[in-house]
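Here's the letter readout for the chains.
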Amino acid sequence: MAEILTLFTSIGLSEQKAKETLKNEALSSALKEGIIQAQRVNGANGVDKAMGTLLYSMASRLKDNKRLVFLSDCIAQRKICTELQLAAALDFVKSHPEDPISQKEFDEACGVGVVITPEQIEDAVESVIKKHKEQLLTERYRFNMGLLMGEARSALKWAEGKVIKNEVDVQVLHLLGPKTEADLEKKPKVRELFHISLMEQLRGEALKFHKAGENYKTEGYVVTPKTMDLLRKHIEFTGGQIRTRFPPEPNGILHIGHAKAINFNFGYAKANNGICYLRYDDTNPEKEEEKYFTAIKDMVEWLGYTPYDVTHASDNFQKLYDLAVDLIRRGHAYVCHQKGEELKGHNVPPSPWRDRPIEESLVLFERMKKGMFAEGEATLRMKMVMEDGKMDPVAYRIKYTPHHRTGDEWCIYPTYDYTHCLCDSIENITHSLCTKEFQARRSSYYWLCNALDLYCPVQWEYGRLNLTYTVVSKRKIIKLVETGVVRDWDDPRLFTLTALRRRGFPPEAINNFCARVGVTVSQTTTEPHLLESCVRDVLNDTAPRAMAVLEPLKVTITNLPKDTKMDVRVPDFPANESKGAHTVPFTCTVFIEQSDFREVMEKGYKRLTPEQPVGLRHAGYVISVQKVIKDSQGKVVELEVTCCSSETAEKPKAFIHWVSQPLVCEVRLYERLFLHKHPEDPSEVPGGFLSDINPNSLQVISSALVDTSVKGAKVLDKFQFERVGYFSLDPDSSADKLVFNRTVTLKEDPGKI
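If you're wondering where the values come from, they're calculated on a predicted model, not measured in any experiment. (Residues numbered from 1 in each chain as written. Predicted model: local features only at pLDDT ≥ 70, side-chain atom pairs only at ≥ 80, totals over all residues. Heavy atoms only, no water.)

1. Concerning the pattern of salt bridges
Stated precisely, the cut-off is as follows: What counts as a salt bridge is simple: a side-chain nitrogen of Lys or Arg found within 4 Å of a carboxyl oxygen of Asp or Glu. Note on conventions: DSSP H or I runs of at least 4 residues are helices, E runs of at least 2 residues are strands, and numbering of each starts at the N terminus.
What the rule picks out here adds up to 41 salt bridges. Glu 437 is the salt-bridge partner of Arg 464, the closest N and O atoms lying 3.3 Å from each other. Here Arg 464 is found in the loop between β9 (458-462) and β10 (465-467), whereas its partner Glu 437 is found in the loop between β8 (431-435) and α20 (442-451), with 27 residues between them in sequence. A salt bridge links Arg 668 to Asp 732, with the shortest nitrogen-to-oxygen separation between them at 3.0 Å. With Arg 668 in strand β22 (residues 663-670) and Asp 732 in the loop between β25 (725-729) and β26 (739-745), the pair connects residues that are 64 residues apart, well separated along the chain. One network of salt bridges, with partners in common, ties together Arg 487, Asp 490, Arg 502, Glu 666, Arg 668, Asp 730 and Asp 732.

2. Concerning the confidence of the model for the protein chain
To keep things clear, this is the line we draw: Confidence scores here are pLDDT values: one per residue, from the predictor, ranging 0 to 100. Throughout, a contact is declared for two residues whenever any of their heavy atoms are within 4.5 Å.
In this model, the protein chain carries an average pLDDT of 92, and 97% of its residues clear a pLDDT of 70 or more. Counting contacts from residues 189-194, a segment whose pLDDT is below 50, to residues more than four positions away or on other chains yields zero contacts.

3. As for helix α14 (residues 227-238)
Given 3.6 residues to a turn, an α-helix orients residues that are three or four positions apart in the same direction. Short version of the rule: Multiplying 1.5 Å by the residue count of a helix minus one yields the expected span of that helix. Exposed residues in this analysis have more than 50% of their type's maximum accessible area, buried residues have under 20%, and partly exposed residues fall in between, with area computed by a 1.4 Å probe over protein chains only. Directions are taken from the helix axis to each C-beta atom, and the arc is the one they span.
The end-to-end C-alpha distance of α14 is 16 Å, a good match for the 16 Å that twelve residues give at a rise of 1.5 Å each. By the burial criterion, the buried members of α14 are Thr 227, Met 228, Leu 230, Leu 231, His 234 and Thr 238. One side of α14 holds all its buried residues, which, seen down the axis, span an arc of 155°. Turned more than 90 degrees off the buried face of α14, the exposed positions are Glu 236 and Phe 237. The positive-phi residue at the C-terminal boundary of α14 is Gly 239, with phi of around 70°.

4. As for the nonpolar core
Stated formally: Within this scheme, the nonpolar core is defined by two criteria: the residues are buried Ala, Val, Leu, Ile, Met, Phe, Trp, Tyr or Cys, and they are joined through side-chain atoms within 4.5 Å. How far each domain reaches was decided by an automatic or database domain assignment.
With 94 residues, the main nonpolar core has Ile 256, Phe 365, Tyr 396, Tyr 418 and Ile 510 as its most contacted residues. Ranked by residue count, the leading element in this core is helix α15 (residues 256-271), at nine residues. A domain-level breakdown of this core finds at least three residues from each of domain 3 (202-462) and domain 4 (474-541). Contact partners of Tyr 418, with chain neighbours within four places excluded, come to Leu 320, Leu 323, Ala 324, Leu 327, Met 382, Ala 395, Tyr 396 and Leu 448. Counting 36 residues, the second largest nonpolar core, distinct from the first, contains Val 47, Met 51, Ala 59 and Leu 86.

5. Here's the deal with the sheet that holds strand β4 (residues 333-336)
To keep it simple, the criterion reads: Think of it this way: DSSP has to see at least two bridges between two strands before they count as a pair. Interaxial angle, 0 to 180 degrees, is taken between N-to-C directions of lines fitted to C-alpha atoms, where a helix line uses only the stretch in contact.
Spatially, four strands are ordered β4-β5-β6-β7 in an open sheet, and the strand pairing comes out antiparallel. Each edge of the sheet is formed by a strand with only one pairing partner; in this case those strands are β4 and β7 (412-414). Here the average twist between neighbouring strands, direction ignored, is 20°. The pairing of strand β6 (residues 394-398) with β7 spans three bridges and is antiparallel. Bridge pairing links Ile 398 to Ile 412 in β7.

6. Describing the environment of Pro 731
Mapped onto the secondary structure, Pro 731 falls in the loop between β25 and β26. Distance in space between the C-alpha atoms of Pro 731 and Val 114 is 72 Å, their sequence separation being 617 residues. Excluding anything up to four places from it in sequence, Pro 731 contacts Arg 502 and Val 715.

7. Re the packing of aromatic side chains
We describe a pair of aromatic rings using the distance from one ring centre to the other and the angle between the two ring planes. Applied cut-off: Side-chain rings of Phe, Tyr and Trp (the six-membered ring for Trp) are treated as a pair once their centres are within 6.5 Å; stacked means planes under 30 degrees apart, edge-to-face means over 60, and tilted covers the remaining angles. Ring-over charges, as used throughout, are those where CZ of Arg or NZ of Lys falls within 6 Å of the ring centre and within 35 degrees of the ring normal.
Under the defined criterion, the tally for this structure stands at 25 aromatic pairs. Measuring from centroid to centroid gives 5.2 Å for Phe 721 and Phe 740, while their planes differ by 70°, and the two rings are edge-to-face. On the criterion of sequence distance, the pair formed by Phe 721 in strand β24 (residues 718-721) and Phe 740 in strand β26 is long-range, its members being 19 residues apart. Take Phe 721: its relative accessible area is 0%, and that puts it in the buried class. For Phe 740, a relative accessible area of 0% corresponds to the buried category. Through successive ring pairs, a cluster of aromatic residues spans Phe 317, Tyr 321, Phe 365, Tyr 396, Trp 410, Tyr 413 and Tyr 418. In this arrangement the basic side chain of Arg 672 is found over the ring face of Tyr 469, its NZ or CZ atom lying 4.0 Å from the centre.

8. Things to note about the side chain of His 420
The following threshold applies: Each polar contact in these results corresponds to two N or O atoms within 3.5 Å; when the atoms are within protein, one needs to be able to donate a hydrogen and the other to accept it, and residues that are neighboring in sequence are counted only if both atoms are side-chain atoms.
Locating His 420 in the fold gives a position in helix α19 (residues 416-426). Residue His 420 is classed as buried on the basis of its relative accessible area of 6%. In this structure the side chain of His 420 is engaged in a polar contact, spanning 3.0 Å, whose partner is the side chain of Arg 245. His 420 has contacts with Arg 245, Pro 247, Arg 279, Ser 432 and Tyr 445, leaving out every residue within four places of it along the chain.

9. Focus on unusual backbone geometry
Within the chain, Arg 78 stands out as a residue other than glycine whose phi angle is a positive 60°. Topologically, Arg 78 is positioned in the loop between α5 (68-76) and α6 (83-95). Backbone geometry places Asn 273, a non-glycine residue, at a positive phi of 55°. With respect to the element layout, Asn 273 can be found in the loop between α15 and β2 (275-280).

10. Things to note about the pairing of strand β14 (residues 552-557)
In terms of strand pairing, β14 meets strand β17 (residues 589-593) through five bridges, oriented antiparallel. By the bridge assignment for β17, Val 555 is matched with Val 590. Inspection of the sheet shows β14 paired to strand β20 (residues 636-645) by four bridges, in the parallel sense. Across the sheet, Thr 556 pairs through a bridge with Glu 640, a residue of β20.

11. Structural notes on the side chain of His 132
Mapped onto the elements, His 132 comes out in the loop between α8 (118-131) and α9 (133-139). Exposure remark for His 132: the relative accessible area of 10% places this residue in the buried category. At a separation of 3.1 Å, a polar atom in the side chain of His 132 contacts the side chain of Glu 151. Those residues in contact with His 132 that lie beyond four places of it in its chain are Phe 143, Leu 147, Leu 148 and Glu 151.

12. Quick word on the sheet that holds β14
Taking strand neighbours across the sheet as the criterion, the six strands line up as β17-β14-β20-β19-β18-β21 in an open arrangement whose pairing is mixed. Of all the strands in the sheet, the pair left with one neighbour each is β17 and β21 (655-656).

13. A short note on empty space enclosed by the protein
Where we set the bar: Think of a 1 Å grid over just the protein atoms. A cavity is a set of points where a 1.4 Å probe fits yet cannot get out, a pocket is an open set with protein on both sides within 12 Å along at least five of seven lines, and lining residues have an atom within 4 Å of a point. Grid points are joined across faces, edges and corners, and a volume is the space filled by probe spheres set on the points. Gly is placed with the polar residues, together with every amino acid not listed as nonpolar (Ala, Val, Leu, Ile, Met, Phe, Trp, Tyr, Cys and Pro) or charged (Asp, Glu, Lys and Arg).
Counted under the stated rule, the structure contains four cavities of 30 Å³ or more. Approximately 70 Å³ is the volume found for the largest cavity. Along its surface, the largest cavity is lined by Tyr 416, Asp 417, His 420, Cys 421, Phe 438, Arg 441, Ser 444, Tyr 445 and Gln 459. Elements with a minimum of two residues in the lining of the largest cavity: α19 and α20. Considering every element that reaches the lining of the largest cavity, the biggest residue donor is α19, with four residues. Partitioning the lining of the largest cavity into residue classes produces four nonpolar, three polar and two charged.

In structure tokens, the structure reads:
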């Protein structure tokens with residue numbers, strides 16, 4: 001150990017760094033071999049610090065030690081002299097895992113023997129500064145100097161970054177002179193007004209994903225002797241096009257978390273001129289229904305995406321079966337008779353049938369296919385250990401349930417662990433995007449493709465999107481429906497996509513929400529108000545205004561003739577009247593909100609009182625109370641008022657909305673379905689999520705009054721009811737009575753009076 005420590009410090013490592021390196025067995029072994037090889041080449045000249053730094057970097061980054069001696073020789077012979085050349089060398093050997101290395105190709109790819117003179121660097125920097133001279137003189141030291149560095153390095157690929165930076169600094173100083181006090185002042189922070197769009201987040205190299213065909217450059221990707229040939233054939237077939245897929249199980253309705261997956265998969269393909277499949281993972285016939293297939297496709301299209309093709313895992317049932325037979329023949333799978341309960345958990349004992357003869361497993365698998373075993377009597381298992389320690393996952397199980405597409409043709413069905421990666425391979429997917437919990441299955445994904453010598457896509461994981469105050473699991477939503485807490489999957493209090501659509505959430509708002517949350521690797525939990533904010537942003541620009549009174553108070557204007565009737569013009573969008581208008585009737589009887597009148601004046605109250613007049617929005621009138629009429633219980637039921645033109649009257653402190661000759665409509669007001677942020681968390685809700693239901697999550701107002709401009713509305717048309725909120729027309733509406741769902745409240749301070 002002391003000898004190796006001395007060896008490591010001899011190349012310039014500090015004693016502490018050398019000791020840390022010794023703790024990593026793989027790294028210290030590779031570094032030791034690299035140093036000894038370099039010493040063998042250099043003889044008495046030994047290994048200097050610069051060489052040692054490159055050897056350490058190589059040992060820590062090289063995944064396959066087959067090329068270690070070759071690269072150590074290149075460093076010792078000073079063919080590889082910089083980190084830039086080393087990075088190119090590592091990429092080269094990674095892309096030629098088995099091929100004999102052509103020294104000529106290697107030298108060209110890594111800049112071996114290329115000499116960049118100081119004059120070349122000076123000329124390149126001078127050319128770049130000349131190009132940006134005007135902007136440099138204007139912005140001075142606030143200019144992005146990284147741009148100059150980047151352009152100069154592009155012109156001189158193998159020049160050292162430090163040398164280029166020094167030259168940039170010298171030439172900028174010569175042009176601008178020393179920094180002044182103004183240059184040294186901190187630049188004021190500008191508040192970010194716009195969020196980065198989803199397409200910008202997904203475009204090009206923003207995510208640091210691999211390019212099509214460069215799967216082998218990805219961390220953790222397994223390279224086999226067949227890999228490069230398979231990748232070449234893949235590129236020939238796809239033309240280097242990005243290919244993704246959205247693979248839902250058709251056994252439930254999509255929810256807000258799926259919106260992120262849809263945006264990520266379809267969005268990544270769209271942003272990079274690729275294609276995305278909608279693939280139904282229909283391998284569990286017991287739970288799949290046609291309504292789910294239809295609803296999933298509807299939601300994808302509602303969010304604005306068109307699948308390149310709609311496929312099914314069941315399209316490949318015969319091919320998947322043939323591959324399973326091949327897997328058995330290769331000695332990688334066997335038929336097992338352990339029961340389902342024996343296979344649960346992580347400490348499952350090895351199967352006593354793991355080493356049964358290949359021919360025997362082939363015969364038994366054929367018998368499984370022919371229906372000669374009962375359900376649970378036999379499974380096909382793969383000989384591999386998953387990242388979470390689970391051993392020999394099941395590839396096929398027996399189910400005597402007709403399939404919605406293949407009927408009774410099959411009685412054995414493949415599992416997710418077996419099907420998913422093979423369908424990705426069959427469809428030549430380049431980027432298999434999935435949520436973080438599938439990271440434990442990445443090794444099995446790569447193993448299976450490689451065990452069958454098939455093209456292997458790259459699996460990339462991203463963080464799930466979770467919302468507080470809700471549940472999204474299929475089982476729990478079914479429980480909510482069965483117990484009558486909600487009406488169905490599209491109840492507007494849920495966060496399924498069908499429920500959000502029914503509530504009136506625009507698809508653009510959901511996509512904007514996904515963009516704001518961002519494409520992160522870490523799991524995201526956010527509160528509903530961020531989503532609601534995105535909804536308001538869209539509806540503010542798209543939902544025409546109307547007036548509605550939810551708790552009406554009758555107001556009779558006594559100084560207008562009883563037969564008064566006039567049309568009042570109301571702009572659809574008051575902030576931009578060029579976008580259109582509608583008319584509503586105005587008579588001597590109008591209705592206002594009960595909350596817009598107080599019999600006793602209170603400090604800070606700005607609306608109607610016996611002593612304080614108020615304006616009527618859009619009507620051009622100011623009304624003043626003359627008489628308050630009450631019922632036998634003392635409740636105010638009517639006001640008699642007089643009116644005068646708002647042009648001649650003193651400007652009132654407030655203007656309120658009103659309706660006259662209105663439509664009687666039903667209005668449904670929604671609040672959060674659950675009382676606690678995390679209704680599924682036993683520490684927060686010991687009684688379980690069903691005990692956490694908010695009793696006030698739905699309020700139905702059966703006789704709300706809405707102005708006649710909404711009369712011709714179609715289902716899901718959206719409006720802003722002025723001063724009340726955003727509303728959408730519900731499918732329960734009929735010719736006799738319209739039903740409106742409150743989508744979100746207005747962005748107002750709830751404490752405002």
